[in-house]
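Chain by chain, the residues run as shown.
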Amino acid sequence: MLINRRSNFSYFPLAASLFLIGCRFSPTPEPRSNYLVVGIESNPLQLDPRYSTDANGVRIGGLIYNSLMRADERMRLQPELAERWTAPDDRTYLFDLRRDAKFHDGKALTAEDVRYTYESILNPKSRSPKRGMLKPLDGIDVLGPHRLRFRLSAPHAPFLEQFTIGIVPVGSPGAETNAMPPPGSGPFMLESVDSGEKVTLKANPIYWEGKPSLTGLVFKVVPDALVRVLEFKKGAIGFMQNDIEPDVLPWLKRNTQASVAAHQGTTSQYIGINLTHPILRQRKVRQALALAIDRDSIIRHVLKDNVTPASGLLSPLNWAFDETVPQWRYDPQKAKRLLDEAGYPDPDGDGPRPRFRVSYKTTNIDLRRRIAEAFKEQLAQVGIELEIRSYEWGTFYNDVKNGNFHLFSLAWVGIVDPDIYFQLFHSDSVPPNGDNRGLYRNPEIDRLLEAGRATVDPAQRKTIYRRVQNLLAEDLPYIPLWWWKNVVVQAPHVRGFVPYPDGEFISFKKVSLVSGPPTP
């Protein structure tokens, strides 16, 4: 099998690959004093917090923009721009803002900016993908320069998570203008964007927590994982988190002075399914797909145990996680029986003709293609022909957002509240109102998700979401794959980075460089 050939990994082929790639390198640019270069896999598509949904856009944007509240390294919501907040009843939130927060242009951040940010998301003309998540918001009252009140139309327990949206100044243009992202109030400010190459941030000298130790950060886009590793070894990159070829980690430990550590994360990888497809809309077919995928083999041979098998979106670190939700273990014989029962018998037994063909979209990153090839080979064993279509990140993501797929794989990052299920699977959350891109509809799921939103008591909510997790595990509107571990690789001169379960970059505000290494 493909994954078995990949598992015969040794030092020589990796070293040869790195040598050949190194021969194609352009010279390393002159270093910039006290800038840390972070290697990333793909270009952030949007930094404006009202529009950003891709992982790198959200993570880099989190350094530029502050929000009323922010999840800490244990995924607990803590005040950020909010000096204090109260909930006098289950429909009202009162916030008192910090008085020392300023935007990067020196303008004071006030309650009017907060109101503008949320109202601009709600404006239909802005076409913000976050508009649906603010649907319960009935109004915002500015009670003073640094005090405001959020009013909900009904009790909505997960609305607390919406207070993590980054705040922009009054009058900031929308994404449709193609303008540069507006200034934020975060620890770093946007210096430049070289699309497809790098995003450069510089320290905010007037940051209310104090100027960061780093002069700046360069997020360098290097799609090829082996090239990123070689640039790290040369000193042109000083930090990498995730998007690293699993095979290369032992090599890094042997051939560099890198600190390499893996931490349990919350990022959930899944296979998305177009439920309007005449074959894929049948539950037995989706179950057969889940049974035909040998996760353990892929995890062991391709991913080198840098993930853990998933039963659903919510990881064991989430308060609503239900450990009783069953996982779909590899069982190709049962998969074949389900396909027969669904009306798709194998036309020639072990012959070359498939039961049916479907396409699978992914990025052109090598690791993603290797995983896709493993899926293709495993599904072929039960008579399903998988056509792999790989694209650069922007094209792939646009196809997913527009529903132009049969199957695809993506990961959900930063899941705090189980209300994520509403965004993904409620009938009202089909784009552009949410991310129900597979167009899943289930009245019982709708009812439960509505109850989960309206219920304030955590114990009752956990009972509701236990039922949701079990129903989705049976119905499979998507196929859960694994939860990623956060793998952090940093040069020895990098100090102070604290990993977050969702892969956030916010702790760069406390990172320092202890010597004078090559930085970009």
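Conventions we followed
- Residues numbered from 1 in each chain as written.
- Predicted model: local features only at pLDDT ≥ 70, side-chain atom pairs only at ≥ 80, totals over all residues.
- Heavy atoms only, no water.
- Pairing = 2+ DSSP bridges.
- Helix = DSSP H or I, 4+ residues; strand = E, 2+ residues; numbered from the N terminus.
- Axes fitted to C-alpha atoms, helices over the stretch in contact; angles between N-to-C directions.
- Parallel < 35°, antiparallel > 145°, perpendicular 65-115°, else oblique.
- Left-handed = near helix turned anticlockwise from the far one by under 90°.
- Contact = heavy atoms within 4.5 Å.
- 1 Å grid on protein atoms, 1.4 Å probe; cavity = no way out; pocket = protein on both sides within 12 Å on 5 of 7 lines; lining within 4 Å.
- Points joined across faces, edges and corners; volume = space filled by probe spheres on them.
- Core = buried A, V, L, I, M, F, W, Y, C linked by side-chain atoms within 4.5 Å.
- Buried < 20%, exposed > 50% of the residue type's maximum accessible area, 1.4 Å probe, protein only.
- Nonpolar A, V, L, I, M, F, W, Y, C, P; charged D, E, K, R; others polar.
- Phe/Tyr/Trp six-rings, centres within 6.5 Å; stacked < 30°, edge-to-face > 60°.
- Lys NZ or Arg CZ within 6 Å of the ring centre and 35° of its normal.

Focus on the sheet that holds strand β4 (residues 82-89)
Reading across from one edge, β4-β5-β7-β6 is the order of the 4 strands in this open sheet, with antiparallel pairing throughout. Looking at strand neighbours, the two that pair on one side only are β4 and β6 (137-144), the edges of this open sheet. Ignoring which end each strand starts from, the neighbouring axes of this sheet average 20 degrees apart. In this sheet, strand β5 (residues 92-97) lies alongside β4 in antiparallel orientation, the contact comprising 5 bridges. Across the sheet, residue Trp 85 finds its bridge partner in β5, namely Phe 95.

What about the packing of helix α13 (residues 443-454) against helix α14 (residues 458-475)?
A pair of packed helices can be characterised by two numbers: the angle between their axes and the separation between those axes. With their axes 9 Å apart at the nearest point, α13 and α14 run at an angle of 155 degrees to one another. Compared by their axis directions, α13 and α14 come out roughly antiparallel. The crossing of α13 and α14 is left-handed. Together, Glu 444, Ile 445, Leu 448, Leu 449, Ala 451, Gly 452 and Arg 453 of α13 and Arg 461, Ile 464, Tyr 465, Arg 467, Val 468, Leu 471 and Leu 472 of α14 make up the contact between the two elements.

Remarks on empty space enclosed by the protein
If you walk through the whole model with that rule in mind, you get 7 cavities of 30 Å³ or more. Forming the boundary of the largest cavity are 16 residues, of which Tyr 270, Phe 425, Asp 435, Arg 437 and Gly 438 lie nearest the centre. Considering each element in turn, the lining of the largest cavity owes the most residues, 3 residues, to strand β12 (residues 259-273).

Describing the nonpolar core
Ranked by size, the top nonpolar core spans 70 residues in total, and within it Leu 303, Phe 375, Leu 407, Tyr 421 and Trp 482 carry the most contacts. In this structure Phe 375 touches Ile 271, Ile 293, Ile 298, Tyr 360, Leu 386, Leu 481 and Trp 482, once residues within four positions along its chain are discounted. With 46 residues, the next largest nonpolar core counts Leu 217, Val 487, Val 489 and Val 511 among its residues.

Remarks on the packing of helix α5 (residues 225-234) against helix α6 (residues 248-255)
Running from amino to carboxyl end, α5 crosses α6 at an angle of 10 degrees, the nearest separation of the two axes being 12 Å. As summarised for this structure, α5 and α6 are arranged roughly parallel, according to the angle between their axes. For the pair α5 and α6, contact is made by Leu 226, Val 229, Phe 232 and Lys 233 and by Val 248, Trp 251, Leu 252 and Asn 255, respectively. Partitioned by chemical class, the residues of the contact of α5 with α6 number 6 nonpolar, 1 polar and 1 charged.

A look at the layout of surface pockets
When its volume is computed, the second largest pocket comes out at roughly 780 Å³. Forming the walls of the second largest pocket are 25 residues, and the residues nearest its centre are Tyr 51, Arg 127, Ser 128, Pro 129 and Lys 401. Looking at the lining of the second largest pocket residue by residue, the class counts come to 8 nonpolar, 10 polar and 7 charged.

Points about the packing of aromatic side chains
Enumeration over the complete set of coordinates arrives at 27 aromatic pairs. Ring centres of Phe 159 and Phe 163 lie 5.3 Å apart, and the angle between their planes is 80 degrees; on these two criteria the pair is classed as edge-to-face. Using a relative accessible area of 0% as the deciding quantity, one classes Phe 159 as buried. Judged by its relative accessible area of 0%, Phe 163 is buried. Arranged with centres 5.4 Å apart and planes meeting at 75 degrees, the rings of Tyr 344 and Phe 356 form a pair that is edge-to-face. Of the two residues, Tyr 344 sits in the loop between α9 (332-341) and β14 (356-363) while Phe 356 sits in strand β14, which places them 12 residues apart along the sequence. Across this residue pair, the class does not change: Tyr 344 and Phe 356 are buried. By the ring-pair criterion, three or more aromatic residues cluster together here, those being Trp 85, Tyr 93, Phe 95, Tyr 118, Phe 150, Phe 159 and Phe 163. Its end group placed over the ring of Phe 422, Arg 453 keeps NZ or CZ at 3.4 Å from the ring centre.

Quick notes on the environment of Pro 354
By secondary structure assignment, the location of Pro 354 is in the loop between α9 and β14. Once the C-alpha coordinates of Pro 354 and Glu 385 are considered, the two residues, 31 residues apart in sequence, prove to be 5.8 Å apart. Not counting the four nearest positions on each side in its chain, Pro 354 is found in contact with Pro 347, Gly 383 and Glu 385.

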